[in-house]
Amino acid sequence: MLVLVAPGQGAQTPGFLTPWLDLPGAADRIAAWSDAIGLDLAHYGTRADADEIRDTAVAQPLLVAAGLLSAAALGASPSVVAGHSVGEITAAALAGVIEDEAALRFVRTRGLGMAEAAAVTETGMAALLGGDPDVTIPHLEKLGLTPANVNGGGQIVAAGTAAQIAALEADKPEGVRRVVALKVAGAFHTHHMAPAVEKLRAAVGDLTVSDPTVRYVSNADGHTVATGTEVIARLVGQVANPVRWDLCMETFQSLGVTALVELSPGGTLTGLAKRALPGVKTLALKTPDDLDTARALISEHAGA
């Protein structure tokens with residue numbers, strides 16, 4: 001059984017879209033999406049520097065575009081789809097809940113709303129490597145931080161104000177080896193993002209929504225979601241609520257997933273799966289050079 005997963009913000013690197021634009025029809029598709037949302041995705045995915053693509057309003061549409069582009073190039077029919085944070089929008093499009101262009105319009109609204117909310121107070125996020133969640137989470141709460149991403153595989157991401165992140169770096173929870181600042185511009189999946197939730201709630205009335213055609217696994221609780229309206233409601237709410245990727249991976253395991261392919265720019269979720277899902281074959285689509293290997297893996301597992 002195959003699951004396709006889409007990464008979240010922080011996975012982007014300068015120029016990562018460049019090799020994908022050489023595929024037939026890819027540049028035209030990116031140009032059409034760019035026109036639809038008023039953002040030059042080709043520029044940001046090929047020529048922009050790290051600071052430019054760190055901008056929430058840029059990074060989020062860029063990641064969804066890259067995920068959809070790499071999924072189209074792969075041409076797979078997965079049994080399960082999921083995405084981490086903004087990657088859930090990619091997954092919703094892959095599941096047939098919304099059309100690709102609608103996904104880009106939705107994520108553009110999300111990115112702008114979250115960037116605006118992040119500008120109110122200086123906030124950020126940091127990954128904690130190692131440690132026991134039962135020890136780490138109370139420690140974060142003591143410092144006023146939110147466990148915004150519980151990722152499994154020994155990783156929790158904390159979010160809060162810049163001062164709270166600095167306090168965490170000076171006072172790590174017992175057992176945590178390192179605290180690593182993330183390439184994001186705000187405390188996502190916390191109460192700091194409440195204004196963005198309201199903007200998205202106002203925008204969803206324009207969406208044409210269908211029920212998922214494959215199993216869609218939600219960040220909120222790791223449950224599969226059967227209706228398109230519930231998928232969209234969860235996409236709106238998750239902006240200000242924690243991502244439970246650990247529970248998503250538990251669901252993959254319970255469903256009998258045997259292979260996981262991470263869409264571009266792949267790597268982060270594959271790494272987590274290697275630690276948390278022993279026996280599951282994994283592959284990250286970093287460039288089109290990975291497509292043939294991914295197709296071979298899919299042919300082995302898609303009909304399992």
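Figured I'd write up the structure that's included with this text. (Residues numbered from 1 in each chain as written. Predicted model: local features only at pLDDT ≥ 70, side-chain atom pairs only at ≥ 80, totals over all residues. Heavy atoms only, no water.)

A few points about the overall build of the protein chain
Cut-off, in case you're wondering: Under the DSSP-based scheme used, a helix requires at least four consecutive residues in state H or I and a strand at least two consecutive residues in state E, with every element numbered from the N terminus. Atoms counted for the radius of gyration: C-alpha only. Globule rule: 2.2 Å times residue count to the power 0.38. Buried, partly exposed and exposed residues are distinguished by accessible area as a fraction of the type maximum, computed with a 1.4 Å probe on protein chains only: under 20%, between the cut-offs, and over 50%, respectively. Residue contacts follow a heavy-atom distance rule, with two residues in contact if any of their heavy atoms lie within 4.5 Å. Note on areas: Shrake-Rupley, 1.4 Å probe, and residue coverage restricted to the protein chains presented here. Asp and Glu count as negative and Lys and Arg as positive, but His and the ends of the chain are not part of the count. Taken as the charge centre is NZ of Lys, CZ of Arg, CG of Asp or CD of Glu, depending on the residue.
Within the protein chain, the secondary structure is distributed over 13 helices and nine strands. Against the compact-globule benchmark of 19 Å for 304 residues, the protein chain has a radius of gyration of 18 Å, which places it among compact chains. Projecting the C-alpha coordinates of the protein chain onto the three principal axes gives extents of approximately 50 × 45 × 35 Å. When each of the 304 residues of the protein chain is scored for burial, the buried share is 54%. The long-range share in the protein chain, meaning contacts at least 24 apart out of those at least 6 apart in sequence, stands at 74%. Surface accessibility of the protein chain: about 12100 Å² in total, with carbon and sulfur atoms responsible for 50%. The positive charge centre, built from 21 side chains, and the negative charge centre, built from 32, are 4 Å apart in the protein chain.

Things to note about unusual backbone geometry
Each neighbour pair has its own omega, and for S264 with P265 the value is -5°, a cis peptide bond. Here P265 lies in the loop between β8 (259–262) and α12 (268–276). With phi around 60°, S85 is a residue other than glycine that occupies positive phi space. Relative to the assigned elements, S85 resides in the loop between β2 (80–83) and α5 (87–94).

Side note on the sheet that holds strand β1 (residues 2–6)
Operational definition: When DSSP finds two or more bridges between two strands, those strands count as paired. Lines fitted to C-alpha atoms define the axes here, with helix axes fitted over just the stretch in contact, and angles between the N-to-C directions of these axes take values from 0 to 180 degrees.
Taken in spatial order, the five strands of this open sheet run β7-β2-β1-β8-β9, and their pairing is parallel. The outermost strands of the open sheet, each flanked by one partner alone, are β7 (215–216) and β9 (281–284). Strands β1, β2 and β7 of the sheet are contacted by α5, whose axis makes an angle of about 155° with β2. Helix α13 (residues 291–301) contacts β1, β8 and β9 of the sheet and is inclined by roughly 150° relative to β9.

Considering the pairing of β8
Here is the rule: By definition, the crossover connecting two strands over a helix is right-handed if that path, from the first strand to the second, turns clockwise as seen with the strands pointing away from the viewer.
Here β8 shows no split at all, with A259 and V261 on one side and L260 and E262 on the other all buried. Bridging between β8 and β9 involves four bridges; their strand directions are parallel. Across the sheet, A259 pairs through a bridge with K281, a residue of β9. Where the polypeptide runs from β8 across α12 and back to β9, its parallel neighbour, the crossover connection is right-handed.

Remarks on the sheet that holds strand β6 (residues 176–181)
Taken in spatial order, the four strands make up an open sheet running β4-β5-β3-β6, and their pairing is antiparallel. Edge positions in the open sheet fall to β4 (146–152) and β6, since each of these has one partner strand only. Going from strand to strand, the sheet's axes swing by 25° on average, the running direction of each strand aside. The sheet contact formed by strand β3 (residues 123–130) and strand β5 (residues 155–161) spans seven bridges and is antiparallel. Bridging from a neighbouring strand, A126 pairs with A158 of β5.

Observations concerning the layout of surface pockets
Basically, it comes down to this: The rule is simple: put a 1 Å grid over the protein atoms alone, call a set of points where a 1.4 Å probe fits but cannot get out a cavity, call an open set with protein on both sides within 12 Å along at least five of seven lines a pocket, and count a residue as lining if it has an atom within 4 Å of a point. Grid points are joined across faces, edges and corners, and a volume is the space filled by probe spheres set on the points. Charged residues are taken to be Asp, Glu, Lys and Arg, nonpolar residues to be Ala, Val, Leu, Ile, Met, Phe, Trp, Tyr, Cys and Pro, and polar residues to be all remaining types, Gly included.
Roughly 430 Å³ of volume is contained in the largest pocket. Elements with a minimum of two residues in the lining of the largest pocket: β3, β4, β5, β6 and α12. Its residues assigned to classes, the lining of the largest pocket comprises 14 nonpolar, 11 polar and two charged.

Some points on the pattern of salt bridges
Put simply, the rule is: Salt bridges are identified by distance alone: a Lys or Arg side-chain nitrogen within 4 Å of an Asp or Glu carboxyl oxygen.
If you walk through the whole model with that rule in mind, you get seven salt bridges. When the shortest N-O distance is used, the salt bridge between E198 and R201 registers 2.7 Å. Of the two residues, E198 and R201 both sit in helix α9 (residues 194–203), three residues apart, roughly one turn of that helix. The exposure class of E198 is partly exposed, given its relative accessible area of 48%. Among the residues examined, R201 registers a relative accessible area of 45% and is labelled partly exposed. Between D221 and R234 there is a salt bridge, with its nearest N and O atoms 2.9 Å apart. Of this pair, D221 sits in the loop between β7 and α10 (228–237) while R234 sits in helix α10, placing them 13 residues apart in sequence. If you follow the salt bridges from partner to partner, you end up with D221, E230 and R234 in one network.

Section: the packing of helix α1 (residues 26–37) against helix α6 (residues 100–118)
What counts here: An angle below 35 degrees is treated as roughly parallel, one above 145 as roughly antiparallel, one from 65 to 115 as roughly perpendicular, and anything else as oblique. By definition, turning the near helix anticlockwise from the far helix through less than a right angle yields a left-handed crossing, and turning it clockwise yields a right-handed one.
Between α1 and α6, whose axes approach to 10 Å, the crossing angle comes to 45°. Comparing the axis directions of α1 and α6 gives the class oblique. Our pair here, α1 against α6, has a crossing hand that is right-handed. Residues W33, A36 and I37 of α1 lie in contact with α6, whose contacting residues are D100, E101, L104, R105 and R108. Residues of the contact of α1 with α6, tallied by class, amount to four nonpolar, no polar and four charged.

Describing helix α4 (residues 56–74)
As a reminder of what qualifies: Expected helix span is given by 1.5 Å per residue-to-residue step, counting one fewer step than there are residues.
Under the 1.5 Å per step criterion, the end-to-end length of α4 is 27 Å for 19 residues, consistent within 8% with the ideal 27 Å. Counted residue by residue, α4 has 18 buried out of 19 residues, so it is predominantly covered. Looking one or two places after α4, you find G75, whose phi comes out positive at around 70°.

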